[in-house]
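Next come the chains, spelled out residue by residue.
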Amino acid sequence: MWVKALDIILEKMKTSGFDFSQVLALSGAGQQHGSVYWKTGASQVLTSLSPNLPLHEQLQACFSISDCPVWMDSSTTAQCRQLEAAVGGAQALSCLTGSRAYERFTGNQIAKIYQQNPEAYSHTERISLVSSFAASLFLGSYSPIDYSDGSGMNLLQIQGKVWSQACLGACAPHLEEKLGSPVPSCSVVGAVSSYYVQRYGFPPGCKVVAFTGDNPASLAGMRLEEGDIAVSLGTSDTLFLWLQEPTPALEGHIFCNPVDTQHYMALLCFKNGSLMREKIRDESASRSWSEFSKALQSTEMGNGGNLGFYFDVMEITPEIVGRHRFSAENREVSAFPWDVEIRALIEGQFMAKRIHAEGLGYRVMPKTKILATGGASHNRDILQVLADVFGAPVYVIDTANSACVGSAYRAFHGLAAETDVPFSEVVKLAPNPRLAATPTPGASQVYEALLPQYAKLEQRILSQTRGPLQ
Ligand SMILES: Nc1ncnc2c1ncn2[C@@H]1O[C@H](COP(=O)(O)OP(=O)(O)O)[C@@H](O)[C@H]1O
Ligand SMILES: O=C(CO)[C@@H](O)[C@H](O)COP(=O)(O)O
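Only a predicted model underlies this, so the values are computations on that prediction, with no experimental measurement involved.

Enquirer: Sorry if this is basic, but what is going on with the packing of helix α15 (residues 289-298) against helix α17 (residues 380-390) here?
Expert: Relative orientation and spacing of two packed helices are given, respectively, by the angle between their axes and the distance between those axes. Interhelical geometry of α15 versus α17 gives an angle of 35° and a closest axis separation of 9 Å. Here the hand of the crossing between α15 and α17 comes out left-handed. Contact residues: α15 offers Phe292, Ser293, Leu296 and Gln297, while α17 offers Asp381, Ile382 and Val385. Of the residues in the contact of α15 with α17, the class split is four nonpolar, two polar and one charged.

Enquirer: Where do I start with unusual backbone geometry in this structure?
Expert: What is expected of a backbone is that most residues other than glycine have negative phi and most peptide bonds are trans. Cis geometry is found at the peptide bond from Thr317 to Pro318, where omega equals -10°. By the element assignment, Pro318 lies in the loop between β14 (307-311) and β15 (322-326). A positive phi angle, close to 60°, is found at Lys161, a residue other than glycine. Summarising the element assignment, Lys161 is placed in the loop between β5 (156-157) and β6 (162-163).

Enquirer: I keep staring at the UniProt feature "domain: Carbohydrate kinase FGGY N-terminal" (unreviewed entry) in the protein chain and nothing clicks. Help me out?
Expert: Per the UniProt record, "domain: Carbohydrate kinase FGGY N-terminal" (unreviewed entry) is found at residues 67-221. Within the segment residues 67-221, helix and strand shares are 49% and 12% respectively, and the terminal C-alpha atoms sit 30 Å apart.

Enquirer: What am I meant to see in the site of ligand 1 here?
Expert: Taken together, Gly234, Thr235, Ser274, Glu278, Trp289, Gly374, Gly375, Ala376, Asn379 and Ile382 form the complete shell of residues around ligand 1. Interatomic distance of 2.9 Å between a backbone N/O atom of Gly375 and an oxygen atom of ligand 1. Between ligand 1 and Asn379 there is a distance of 3.1 Å, counted from a nitrogen atom to a side-chain nitrogen or oxygen. Within the complex, 62% of the 580 Å² of free accessible area of ligand 1 lies under protein. Among the residues making up the shell around ligand 1, the classes are represented as three nonpolar, six polar and one charged.

Enquirer: Mind showing me how you'd approach the site of ligand 2 here?
Expert: Close to ligand 2 lie Gln31, Gln32, His33, Trp71, Arg104, Asp214, Asn215, Thr235, Ser236, Thr238, Leu267 and Cys269. His33 places a polar side-chain atom, nitrogen or oxygen, 2.7 Å from an oxygen atom of ligand 2. Between ligand 2 and Ser236 there is a distance of 2.7 Å, counted from an oxygen atom to a side-chain nitrogen or oxygen. Burial of ligand 2 by the surrounding chains reaches 88%, relative to a free accessible area of 380 Å². Residue assignment for the shell around ligand 2 shows that the elements contributing at least two residues are α13 (214-221) and β13 (264-270).

Enquirer: What exactly am I supposed to notice about the packing of helix α16 (residues 338-359) against α17 here?
Expert: Where α16 contacts α17, the two axes come as close as 9 Å, and the packing angle between them is 45°. By the criterion of interaxial angle, the relationship of α16 to α17 is oblique. The crossing of α16 and α17 is right-handed. Facing α16, whose interface residues are Arg343, Ile346, Glu347, Phe350, Met351, Lys353 and Arg354, α17 presents Ile382, Val385, Leu386, Val389 and Phe390. For the contact of α16 with α17, a count of residues per class yields eight nonpolar, no polar and four charged.

Enquirer: Can you walk me through the packing of aromatic side chains in this structure?
Expert: The description of an aromatic ring pair uses the distance of the two centres, along with the angle that the planes make with each other. In the structure shown here, the tally under the stated rule is 18 aromatic pairs. Judged by centre distance (5.0 Å) and plane angle (70°), the ring pair of Phe18 and Phe20 falls under edge-to-face. A relative accessible area of 38% places Phe18 in the partly exposed class. Here Phe20 falls in the buried class, since its relative accessible area comes to 2%. A ring pair is formed by Phe63 and Phe133, whose centres lie 6.0 Å apart and whose planes are at 70°; its orientation type is edge-to-face.

Enquirer: What's the story with the nonpolar core in this structure? I'm lost.
Expert: Soluble globular proteins tend to pack their nonpolar side chains together in the buried interior. Counting residues in each nonpolar core, the largest one holds 86 residues, and the members touching the most others are Leu155, Leu175, Leu179, Leu239, Leu383 and Leu386. Sort the elements by how many residues they give to this core and α16 lands first, with 10 residues. Apart from residues lying up to four places away in sequence, Leu386 is in contact with Val231, Phe350, Ile370, Ala372 and Val394. The next biggest cluster of nonpolar side chains, apart from the first, holds 28 residues, and it includes Leu26, Phe133, Tyr142 and Cys206.

Enquirer: Looking at this model, I keep getting lost on the sheet that holds β14. Mind explaining?
Expert: Pairing between the strands of a sheet is mediated by backbone hydrogen bonds and can be parallel or antiparallel. Across the sheet, which stays open at both edges, the three strands sit in the order β14-β15-β16 with antiparallel pairing between neighbours. On the outer flanks of this sheet lie β14 and β16 (332-333), each paired with one strand and no other. Here five bridges tie β14 to β15, and the two strands are oriented antiparallel to one another. Across the sheet, residue Phe311 finds its bridge partner in β15, namely Gly322. Each of β14 and β15 is contacted by α16, which is oriented at about 75° to β14, the strand it contacts most. Each of β14 and β15 is contacted by helix α20 (residues 443-466), which is oriented at about 45° to β14, the strand it contacts most.

Thresholds applied
Residues numbered from 1 in each chain as written. Chains lettered and ligands numbered in written order. Predicted model: local features only at pLDDT ≥ 70, side-chain atom pairs only at ≥ 80, totals over all residues. Heavy atoms only, no water. Axes fitted to C-alpha atoms, helices over the stretch in contact; angles between N-to-C directions. Helix = DSSP H or I, 4+ residues; strand = E, 2+ residues; numbered from the N terminus. Left-handed = near helix turned anticlockwise from the far one by under 90°. Contact = heavy atoms within 4.5 Å. Nonpolar A, V, L, I, M, F, W, Y, C, P; charged D, E, K, R; others polar. UniProt positions renumbered as here; feature names shortened; annotations may be inferred. Near = heavy atom within 4 Å. Polar contact = N/O pair within 3.5 Å; in protein donor to acceptor, adjacent residues only side chain to side chain. Areas by Shrake-Rupley, 256 points an atom, 1.4 Å probe, with all protein chains shown as cover. Parallel < 35°, antiparallel > 145°, perpendicular 65-115°, else oblique. Phe/Tyr/Trp six-rings, centres within 6.5 Å; stacked < 30°, edge-to-face > 60°. Buried < 20%, exposed > 50% of the residue type's maximum accessible area, 1.4 Å probe, protein only. Core = buried A, V, L, I, M, F, W, Y, C linked by side-chain atoms within 4.5 Å. Pairing = 2+ DSSP bridges.

In structure tokens form, the structure reads like this:
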């Protein structure tokens, strides 16, 4: 499917008259954590592609696993516990790799494949991330994994930027040779394969800059500065920021920074993002975003004290499942009126983001900007709630596809990176983000009172489901 998607995109660009000969460098991004399993002999096929045929026809037999595990897979709890035990516990793994073991992280996914399908594993000559897989298609050979996306595997030592032998050993045998060596995210990994030169007219010297994860690419696309918070409202909701000194914890992730090898980024991921908003929209707002917006406009900040938790699938941050609604008197109730339900969902989602971000040490400062991206950042009324809950202005960039823009910036930076030009210098003429929402007067009083209330109820639900926190 992914290979065919690339065929279709390039064909559409060709048909629309796109001038490939002007492309000096390219880069790209893939959803984080997913993995692709190249069958023994696949590299041979990759290096000898015929420009007369689409890629998907030629690469059909190149994969040892046909359904790639992606980030939404959470079936690897056993492997997570094994990995943490092997390195001395969850905090030790976090100090080493930037995160405790997470089900979607690639090392645990690989361990499960090795345990359940050892034959397919032994017939695999290379394992790519979705990002390095896409880069490999452009290179016509295996692309290395970049440090930033590599940090989402529970395998890379984020300080030393090398694979952790202890983690590799705990996941599967001969893993290092199947992964190849990781590289800095701004590396030029080679020139585009002759397939693209002959079929589409790319210039032969067109450089391929290492591809990275969608969230790291978004950080680049938003030109995040220290003190800012980026909120991506895609299929999942993610929140990330630039860090100089990493402090890995039991919640959240530290990744190597995609545009500056000396620095880091922190990321919190919330699984019940747009899909949950869509469900509530369908149930309470006649499947219409404009009805959904009307509910946000017609209800008060603070929702009269009504608070809601909406996790139809097991949430990552915090680990709660189910819908839980509370009245202003903290009584659990089974339903809300339709408009209260919608505000409870959106306020709850953003209060959770603020509480968990502050748990990692983030502080909203007077100069803090919130940079919003992703599909739901098109919705002004959702952004207004975001500004109110955080008490900070919300900006959007002209295109919601910040991961794509970030990839273009990173390709451009790749052209200059060998001369040590910083990323900020390369993108300084890019358009500035646009102000989309400022906090409503009185918002901070409302949410300062509600945030501790929300945090307390979250703890209550957690202790009901897994016993009191130690
Ligand atoms: N006007 C809108 N209001 C709220 N959400 C929206 C709106 N338009 C699109 N979305 C949401 O955006 C989501 C897709 O976001 P996108 O960033 O494209 O996803 P991905 O995570 O796949 O990159 C959809 O699931 C949809 O629910
Ligand atoms: O798992 C994470 C981040 O850790 C996800 O954010 C994935 O990177 C995919 O994101 P979407 O673009 O599908 O929301």
